[in-house]
Amino acid sequence: GQLGNQRDAILEELTRKREELEDAKRECDSLQQERSELVKDIAAIANTRTGFIILGVNDAFQPVGMDHQRLDAIRVEDLHNKASAYIYPNVDGLRFKTFQKGERWFGAIYVPHTSGVIHVFLKDGDYPTADPKKPGHAFRKGMIYVRHGAKSEIITPHDMERMLKERDRAQKKFLLAGIRKIS
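Residues numbered from 1 in each chain as written. Predicted model: local features only at pLDDT ≥ 70, side-chain atom pairs only at ≥ 80, totals over all residues. Heavy atoms only, no water.

(A) Representation of the overall build of the protein chain in the model. When helices and strands are tallied, the protein chain shows four helices and nine strands. Beginning at the N terminus, the succession of helices and strands in the protein chain can be written as α-β-α-α-β-β-β-β-β-β-β-β-α. Over its C-alpha trace the protein chain gives a radius of gyration of 23 Å, far above what one expects of a compact globule, namely 16 Å for 183 residues. When the backbone C-alpha atoms are referred to their principal axes, the protein chain occupies close to 100 × 45 × 30 Å. Of the accessible surface of the protein chain, which amounts to about 12,600 Å², a share of 55% is contributed by carbon and sulfur atoms. With 31 positive and 27 negative side-chain charges, the protein chain shows a spacing of 9 Å between the two charge centroids. (Helix = DSSP H or I, 4+ residues; strand = E, 2+ residues; numbered from the N terminus. Rg over C-alpha atoms; globule rule 2.2 N^0.38 Å. Areas by Shrake-Rupley, 256 points an atom, 1.4 Å probe, with all protein chains shown as cover. Lys, Arg positive; Asp, Glu negative; His and termini not counted. Charge placed at Lys NZ, Arg CZ, Asp CG, Glu CD.)

As structure tokens, this is what we get:
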């Protein structure tokens, strides 16, 4: 009778709460993966050329927009701190701006190219997956990423040669500037 109904109501409520917690965990795991991928893209762009990361565009480059409140919660200091926890040397000069196009909201992260500097990952960029024993990896410690078109990819020998030549030019420019000041 009444006791059975109460028990059923409690079980139903517990089931609903468990489903809500599982949904929240999946969303949190997805956010961790997005953050790790974002850090990888920041390093890759800084290693290649100045660029922008546009939030609110899907993988097919179609504008889908984002929740305005979620964009408002993004702070450039948080982006810098998150990136600095994984990337050496730091990528300085990150900027963030929100903008609206029609009814849709977007975010743009400006990532400056750091001429003569090679950004390397200090630690793994892991994130949870459906299998807790097998986390996903956006990047691994010691790896270097660059941009090839619209993708962040592991550095190739050609990329490394370009980066080393660029670093040599930057160092020569710095040394020559110092010599001119002395004379």
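(B) Looking closely at the pattern of salt bridges. Following the criterion strictly, the structure yields six salt bridges and no others. One salt bridge in this structure joins Glu34 and Arg70, with 2.7 Å as the shortest N-O distance. You can see Glu34 sitting in helix 1 (residues 2-48) and its partner Arg70 sitting in helix 2 (residues 68-72), a full 36 residues away along the chain. The exposure class of Arg70 is partly exposed, given its relative accessible area of 38%. Put simply, Lys40 and Glu37 hold a salt bridge, and the shortest N to O gap is 3.0 Å. Of this pair, Lys40 and Glu37 both sit in helix 1, three residues apart, roughly one helical turn. (Salt bridge = Lys/Arg side-chain N within 4 Å of Asp/Glu carboxyl O. Buried < 20%, exposed > 50% of the residue type's maximum accessible area, 1.4 Å probe, protein only.)

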